[in-house]
Amino acid sequence: MQKEEILDLTLIRYGFVRLLKREFAVYIGEEEREKLEQAWKCIQVFDTWESFQEETGWAKDNPELCGREYLEQNHICREIYGRICYFSRDQWEEWMSGFCD
């Protein structure tokens, strides 16, 4: 199944909307297909906190803001079922600024 087809499934779309809202404080309606597809592209999943730091360069770019507590409190990363989920707010806001023009 292709990524695009996954969001066609009502239960998956509903769960994804709830995940975005609860874990990343991103509010999108279930029927806002284009926004949901873009939000899907903004999520990266890592095996460990260390791999998140290394692959994104977060600690290098934000040394004072790289602690796990900060990342979770500010809805940047969440540990879900033992994996680290990162929502790229920069990527999302860049897309939204073009979307809203």
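Provided above is the structure to which this section pertains.
Now for a description of the structure that goes with this document.

### Thoughts on the overall build of the chain
Then comes step 1: Scanning the chain for helices and strands turns up seven helices and three strands.
Then comes step 2: Over its C-alpha trace the chain gives a radius of gyration of 14 Å, about what one expects of a compact globule, namely 13 Å for 101 residues.
Then comes step 3: In terms of overall dimensions, the chain has C-alpha extents of about 40 × 35 × 25 Å along its principal axes.
Then comes step 4: Within the chain, the fraction of its 101 residues that count as buried is 35%.
Then comes step 5: A total accessible area of about 6,700 Å² is found for the chain, and carbon and sulfur atoms account for 49% of it.
Then comes step 6: In the chain, which carries 13 positive and 22 negative side-chain charges, the distance between the mean positions of the two groups comes to 5 Å.

### Some thoughts on the pairing of strand β2 (residues 77-80)
Then comes step 1: In terms of strand pairing, β2 meets strand β3 (residues 83-87) through four bridges, oriented antiparallel. If you follow glutamate 79 over to β3, its bridge partner there is isoleucine 84.
Then comes step 2: Hairpin geometry of β2 and β3 is characterised by an intervening segment of two residues between the two adjacent antiparallel strands and by a positive phi of about 50° at tyrosine 81.

### Observations concerning the packing of helix α2 (residues 10-24) against helix α3 (residues 33-41)
Then comes step 1: The N-to-C vectors of α2 and α3 enclose an angle of 65°; their axes lie 11 Å apart at closest approach. Here α2 runs over α3; the crossing is left-handed. Mapping the contact onto sequence places Arg13, Phe16, Val17 and Leu20 in α2 and Leu36, Ala39 and Trp40 in α3.

### As for the layout of surface pockets
Then comes step 1: Taken as a whole, the largest pocket holds about 180 Å³ of empty space.
Then comes step 2: As for the largest pocket, its lining consists of Thr56, Gly57, Trp58, Asp61, Asn62, Asn74, Ile76, Tyr86, Phe87, Ser88, Arg89 and Asp90.
Then comes step 3: At the level of secondary structure, the elements contributing two or more residues to the lining of the largest pocket comprise α5 (58-61), β3 and α7 (89-99).

Conventions and cut-offs
- Residues numbered from 1 in each chain as written.
- Predicted model: local features only at pLDDT ≥ 70, side-chain atom pairs only at ≥ 80, totals over all residues.
- Heavy atoms only, no water.
- Helix = DSSP H or I, 4+ residues; strand = E, 2+ residues; numbered from the N terminus.
- Rg over C-alpha atoms; globule rule 2.2 N^0.38 Å.
- Buried < 20%, exposed > 50% of the residue type's maximum accessible area, 1.4 Å probe, protein only.
- Areas by Shrake-Rupley, 256 points an atom, 1.4 Å probe, with all protein chains shown as cover.
- Lys, Arg positive; Asp, Glu negative; His and termini not counted.
- Charge placed at Lys NZ, Arg CZ, Asp CG, Glu CD.
- Pairing = 2+ DSSP bridges.
- Axes fitted to C-alpha atoms, helices over the stretch in contact; angles between N-to-C directions.
- Left-handed = near helix turned anticlockwise from the far one by under 90°.
- Contact = heavy atoms within 4.5 Å.
- 1 Å grid on protein atoms, 1.4 Å probe; cavity = no way out; pocket = protein on both sides within 12 Å on 5 of 7 lines; lining within 4 Å.
- Points joined across faces, edges and corners; volume = space filled by probe spheres on them.

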